[in-house]
Amino acid sequence: MSARWLFVVGTFLSWAGWIALGRGAYVALRLWIAQETGTEARKKRTIVSSAAVAAVCLLLAEFIPMSSGRPQGGGWGVPLVWFLMPFTMVGALGCAAFAVVRLVQAVTAITAEERKAKIGSLVVWVVVGGLFVWWFVHSKGEVQVFRGVVSVTPVKLLVTVLFAFVAVAVMVWSERLARARGLVKKAVIHVVLIAGCIVFGVPFAWLLVTSFKEENDISTAQGMVWVPRVQLTVPFYDKKEPLYTATFRGRGVRGKVAKVLSGDQVLFEVERPFNIRGREFETDRNSLTEIPRQGRVVSFEQNGKKVQGYVIEDVDNGDVIVKVQSPPALKGQEIKKSLLDTEPVRKIGLRTANYSEMLEWLPYDTFYGFAYLKNTLVLVVMSVLGSVLSALVVGYGFSRLRFPGREKLFAVMLSTLMLPAAVTMLPTFLIFKYLGWIDTLYPLWVPTFFASAFNVFLLRQFFKTIPMELEDASKIDGCSYVRTLYQVMVPQIQPVLACIAIWTFMAQWNNFMGPLIYISTPEKMPIAYALQMFQGERGGEFALMMSFATLATIPTVLLFFFAQRYFIEGVQLTGLGGR
Amino acid sequence: MPNPALIIQAPRAICTPGVHIFVVSVTGRDRLRESKIEFEFDFGSLIAMTKTLRTVLVALAALCVCAVASGEGQTTDLVVWGMQLGPNDQGMDAVIRRFEESHPGVTVHMLGMGAGRMNPQKLMTAIVGGVPPDIVLQDRFSVPDWAHLGAFEPLDDLISRDEGKDANTPTAEQYYPAPWSECHYEGHQYGIPWMADTRILYWNRAVFRQKANDLRKAGLDPDRAPRTWSELLAYSKVLTEFNPDGTLKRAGFMPNFGNSWLYLYAFQNEASFMSPDGKTCTLNTPASREALQFMYDGYQICGGYANAEKFRASLRGNESDPFFTGQVAMKIDGDWIMPGFILYAPKLDFGVAPPPIPDDRYYKRGRFKDVKDRYITWTGGFCWAIPKGARHRDLAWEFIKHVTSTKMRMLEMSTFAGIERERGRPYVPRPTAQIETNKEEIAAFMPKTGNMRAASQLHIAMMPVARFRPSTFAGQRLWDEHVRATDMALLNVMSINDALQSGQDRVQDYLDEVNNRDSLPVADLTIPSVVGGAGFLLGVVLLIGWYKRQRLGKLARHEAKWGLIFVAPWVFGFVVLTLGPMLASLYLSFTQYNIFDAPHWTGMTNYTTMFGKDRELITKSFMNVLYLGGVGVPLGLVTGLATAMLLNAGVRGLRYYRTLFYLPNVVPGIASIILWLWILNADPSRGMMNWVWQHTLTQWFGTLPPAWIASEAWAKPALITMGLWGAAGGMILWLAGLKGIPNQLYEAASIDGASAIQQFWSITVPQLSPLIFFQTIIGGIGVLQTFDNVYVALNGQGTGPNDSLLVPVYYLFQHAFYYFKLGYASAIAWMIFLIALVVTGLQFLVAKKWVHYEVDS
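Only a predicted model underlies this, so the values are computations on that prediction, with no experimental measurement involved.

(A) Summary view of the overall build of chain A. Along its length, chain A carries 19 helices and 15 strands. Compactness check: chain A gives a C-alpha radius of gyration of 35 Å against a globular reference of 25 Å for 579 residues, more than 25% above the reference. For chain A, the C-alpha atoms occupy an extent of roughly 105 × 90 × 60 Å along the three principal directions. A sequence separation of at least 24 residues applies to 65% of the contacts in chain A between residues at least 6 apart.

(B) Representation of the overall build of chain B in the model. The helix and strand inventory of chain B stands at 36 helices and 19 strands. Counting all 857 residues of chain B, 46% fall into the buried class. For chain B, contacts bridging at least 24 residues in sequence account for 73% of all contacts bridging at least 6.

(C) Inspection of the packing of helix α9 (residues 370-400) of chain A against helix α13 (residues 453-463) of chain A at higher detail. Residue and element names in this part refer to chain A. One way to put it is that α9 packs onto α13 with a least axis distance of 8 Å and a crossing angle of 50 degrees. Here α13 runs oblique to α9, going by the angle between their axes. As α9 packs across α13, the resulting crossing turns out to be right-handed. Facing Ser387, Ala391, Val394, Gly395, Phe398, Ser399 and Arg400 of α9, the residues of α13 in contact are Asn455, Val456, Leu459, Arg460 and Phe463. Residue composition of the contact of α9 with α13, grouped by class: six nonpolar, four polar and two charged.

(D) Main features of the environment of serine 142 of chain B. Residue and element names in this part refer to chain B. Position of serine 142 relative to the elements: it lies in the loop between β6 (135-139) and α4 (143-149). For serine 142, a count of 22 C-beta atoms within 10 Å translates into the label buried. A sequence separation of 126 residues divides serine 142 from glutamine 268, and the C-alpha atoms of the two residues are 22 Å apart.

(E) View of unusual backbone geometry. Residues and elements named next belong to chain A. Residues arginine 272 and proline 273 are joined by a peptide bond in cis, for which omega reads -5 degrees. Turning to its location among the elements, proline 273 is positioned in the loop between β7 (265-272) and β8 (280-284). Backbone geometry at tyrosine 368 places phi at a positive 55 degrees, although glycine is not the residue there. The residue tyrosine 368 is located in the loop between α8 (353-361) and α9 in this model.

(F) Inspection of the sheet that holds strand β5 (residues 243-248) of chain A at higher detail. Residue and element names in this part refer to chain A. Here five strands make up an open sheet; going across it, the order is β8-β7-β6-β5-β9 and the pairing antiparallel. The sheet is open, and its two borders are formed by β8 and β9 (289-291), each paired with just one other strand. Ignoring which end each strand starts from, the neighbouring axes of this sheet average 55 degrees apart. Both β5 and strand β6 (residues 251-260) contribute to a ladder of five bridges, which runs antiparallel. For threonine 245, the partnering residue across the bridge sits in β6 and is arginine 254.

(G) Structural view of the sheet that holds strand β16 (residues 382-385) of chain B. Residues and elements named next belong to chain B. Strand order across the open sheet formed by five strands is β5-β4-β6-β16-β9, with mixed pairing between neighbours. Edge positions in the open sheet fall to β5 (106-111) and β9 (192-193), since each of these has one partner strand only. Pairing of β6 with β16 involves four bridges; the strand directions are antiparallel. Opposite valine 136, over in β16, you have alanine 385 as the bridge partner. The sheet strands contacting helix α16 (residues 393-404) are β4 (76-81), β5, β6, β9 and β16, and the helix crosses β4 at an angle near 60 degrees.

(H) Main features of the interface of chain B and chain A. Listed per partner, the contact involves 126 residues of chain B and 121 residues of chain A. Among the elements that take part in the side of chain B that touches chain A, helix α23 (residues 554-588) of chain B stands out by supplying 18 residues, more than any other. Tallied by class, residues from the side of chain B that touches chain A come to 78 nonpolar, 36 polar and twelve charged.

(I) Structural detail: helix α2 (residues 40-63) of chain A. Over its 24 residues, α2 of chain A extends 35 Å from the first C-alpha to the last, a length consistent with the 34 Å expected when each residue adds 1.5 Å. Those residues of α2 of chain A that fall on the buried side of the exposure criterion are Ser50, Ala54, Cys57 and Ala61 of chain A.

(J) Molecular detail of the nonpolar core. Judged by nonpolar contacts, the single largest core of 294 residues is most densely connected at Leu531 and Ala549 of chain A together with Val80, Ile674, Ala829 and Ile832 of chain B. Looking at this core element by element, the count peaks at 14 residues for helix α15 (residues 481-510) of chain A. If near-sequence neighbours (up to four positions away) are discounted, isoleucine 832 of chain B is found in contact with Pro420, Ala422 and Val423 of chain A together with Leu784, Pro808 and Val809 of chain B.

Calculation criteria
Residues numbered from 1 in each chain as written. Chains lettered and ligands numbered in written order. Predicted model: local features only at pLDDT ≥ 70, side-chain atom pairs only at ≥ 80, totals over all residues. Helix = DSSP H or I, 4+ residues; strand = E, 2+ residues; numbered from the N terminus. Rg over C-alpha atoms; globule rule 2.2 N^0.38 Å. Contact = placed C-beta atoms within 7 Å. Buried ≥ 20, exposed ≤ 12 C-beta atoms within 10 Å, placed from the backbone. Axes fitted to C-alpha atoms, helices over the stretch in contact; angles between N-to-C directions. Parallel < 35°, antiparallel > 145°, perpendicular 65-115°, else oblique. Left-handed = near helix turned anticlockwise from the far one by under 90°. Nonpolar A, V, L, I, M, F, W, Y, C, P; charged D, E, K, R; others polar. Pairing = 2+ DSSP bridges. Expected span 1.5 Å × (residues − 1). Core = buried A, V, L, I, M, F, W, Y, C linked by C-beta atoms within 7 Å.

Right under this line is the structure:
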């Protein structure tokens, strides 16, 4: 047997041994603390058998020569194995497991009929497993076995054992006190659930934290930065290159005077916003207002003393000129230092400037991204209106009014549920092209006015639960169908309408492929597509990207918190949960 | 010019230092006839919440007004795509300002739009939709693609009109032959070259010196660069260093690092990818096989292509550029990297040389005996073109003449050079497509000494001996297939011959298809529309007849009338947006249709291609989806069900858990993908997942973190991981299902002594089986339509390493909007539809076996 498989066997044996030992200890603990009566004999048997199994396994494992093939670290190595295999092999193994179960069931079956059924099932599993194996071989898959070692130092081990002992003891003890069975189980469930929340919540936290990080915290060798810090700044009036606000095409900009032309005319160079940075234009000197620049606070060593000050100028050769703030003896002096010798002074805080910088990078004509918001709102409002109205009308027609051929038509409608949107994508594009709707939002929301099959289906299910008598009464009162619909039915089905509205909202907020195909001008893009465009253009700047993603997320999360009930009901009604 | 008759400046708050200003101004133009609202909004920093709130309110108000009042200014907007003015484009900005000055009333809008680059989809939809930009800055090699479709305007008439009259008129004599002919197609000039780039070899002298002894030992001179391919490999072998775990510490030379592709090596080996008449693709010739073999050998020295790509994925840019840090000793790259040298590594000791060439070429042996130019390079670059249907054609031409004139190019450079000089950095001239401009810029800006002088001089000197990609309408296709073939061969998936041959076959098919198109009958739409229309009318008449024959009472008739009125919106939508398009799609799938011309009838060709020549990729795409669905859907179900079962155990705080677990579902799709791409970043010092991996699995097992999206094996697991984030939200549904299971069942089972596991398999699963069934179907159809995450992950380019992310809808999208093969795309669409039908049908069939329904319901 190769060293690799020996290692695998040894690992399994030792883990089996440890688990048996743990189980024995746990039962012993319960016997000792909980003092449950009536089952001592069984418990004692369990303890003895566990100890025996543990002893055998651990002894065997001890005698198997195991080498992980890698230099071992300090401490005592706990062996681990990890199988890396293509999913075809996973499938094959799963089928094998099921086949074995069925085989056992077939052998132990009581009636002939049962045995026949089990054998039939066995054959199916074997065939499916065979297919997986064929695919595995065909795709030239291979099973990789990784041999690993976790080094455990005596301190670590002691702490772990103590912790486990205390935890179990506390749980068992409280069980004895409360005399309520299942408390341990509940505690374990809570632990698992909280762990799940952490796993699912960490990406969220990472999104938020990254969006407030400075560039130096984005990539670090020390570890993940969870507490962002920001550069301290000091406002100062720059004498050498004063910063002004000016008006460019009706919008406020910040920048400096690049050149004095004649008289009061100057050539003004834009520094912010970024999307027109470097742009120069002529303007009247008197229209400028000076504002302070933000000097970065840095510290450095000067003659063995720590000096702190703020940068008033970045020289291009990599030096900075620092105006000293402390110690008081040097205050006000200007010292030239190499940038590398200075240490930025930072404090814990959020770098909100990521958000403003991100908005400034968006194309000039989008008004700092507000055009995106406007487009998305138009899209969402019109679609929600369209979906709700059309589903209401059509759903009412299909569920409450009788007309010849209704059921056949409804069956046709249901069958469209299975239709992948890709089939109609190109001809629909041609239709909207013919209508001259390319580069407008119409192709995205107009179709919602023609009722989606899913919403109608949903409404019909709901209509079924409303008694017919209501309508009959209104009919007798002489109501028209339209009036019955909006005066009698609408109040009854409001919750479903809310679900449809929310579902449509989410769908359109997320709509990516539609805008990708139809929209080409930045001012006409909705947020989801703009986000992707931004990623394409400034993909390297993760903090900015995360701030855009956060902004795109806030509205939906807010909606979720305010209308949670409808989200949850929506999932239960539609059966569309998770992704 | 706008006449500001009325200016309302609503809250104009100039805040204290640090916080910024916002201005809402209503500017009336032309006596209230048109009004334009503009607002200024600058966050500065969010110091005071009140201020922010006020700002937001005002902005929202402005937004509302914006939405209501919109009007066109009296100015002419000249829209240019393909270039976004960035912080270092003051030169271009000056040129544009000059243009705006000399053309009063014209405003130039420069937009990036991904046009001109590798993503033709935006430009195509804009041209087809009748809303094209006035000018595009287009990658030259793809100009024939567009010209052939009739999507670009030929410029010959404009050139001959102005030649001699306007000194700025571009003519062939002013340009190097390569860039000029690259945008020449079938006797017409479609673009005016602007920038041009050349590729040369950069080598890090410091690394050479450090390894001088080893180099000498190998018989190599450490003071000069390699001149031939075999020398290059020999140098690389000495300079490459490995870490103990086999990963690269330093790469001597990675053939496709920097910018060379197979094209450069093939040009050097006198291979050409197209026959002179443009009818035959010659991707697979002995010469190009040799070139690819050279690349292969180059990567073998680095421990194989996969190893090198892993190394590349861990590299970073700017100051820590691997060439600056010595992690890469030699690379072939274009002139666009020179500013980076000045900015980030001004003191770097490096040398330049012409790209090494095949040994036979260097020694003028064999078939290279009579070759004129010893060293050659490859030039690419951009040109200005006018799309068909541009609203301001003459103005666009004026703009092109303006920006390409030597005077303006010099203005552009001197403006930027001035800024660079102010920053204390030298400005280094880069090659342009125009001979005169190159001369003038050398005279004006060439540094007197130094490495940058050598680099700049060499880049410009290589211009006359530069080759260019063949001018063919299949340029984009050829490019994509050459990339795919290179990847396949380097990854050892196929032999070099097979990889190139399969690429060649695909390009050839495309060429034949287009070349033969004129012999195909134009798909006449009259017959199908007459037949369809007649059928439709007949159907309507029959329906009305059938309806009339129904014996209905007066009341029932009234009800039926209203019922029909109520369902009419859906019927209309169904006919126009579902049934019609489906039939149209079916019809188109039997044609060749590039959207610019009328469709041509090809019969079953699209389908035979799909099952014949293109079978590999089609199969691959469906297999990828099968992987995503086969692993992703069950994992998603299990995650949701497990969460629901935990919550169903009667724990407190159900509501809070439910909210938290559902939350990932409300994150917009694109935002969540982008977040996960960040989490799955290959670099462990940035990507959270790989950081965790490095601190656990790497320490235990010694396995290195994967490159996720950038690696063949891990790209799909990455997508599945992204999807699983939202999977726990499915528990809401499962929870409802679990609550619906009668408790007596469990009680009875416990009394009979069934264990928890037995109860799960014999009660919970059968009771939930309708739900499981429904979820599998929904999940299956959803996975079959995977598109968004693939598109975002790949940024719309390529199909992932070894096509590992090629999925059917994405493949359809590529064919429709990148290659303009709407007929074939429609055939793929129908294939997707049929597969969806079959899969769903199968599920329904199998469902009878295992889905358990209560008897009465």
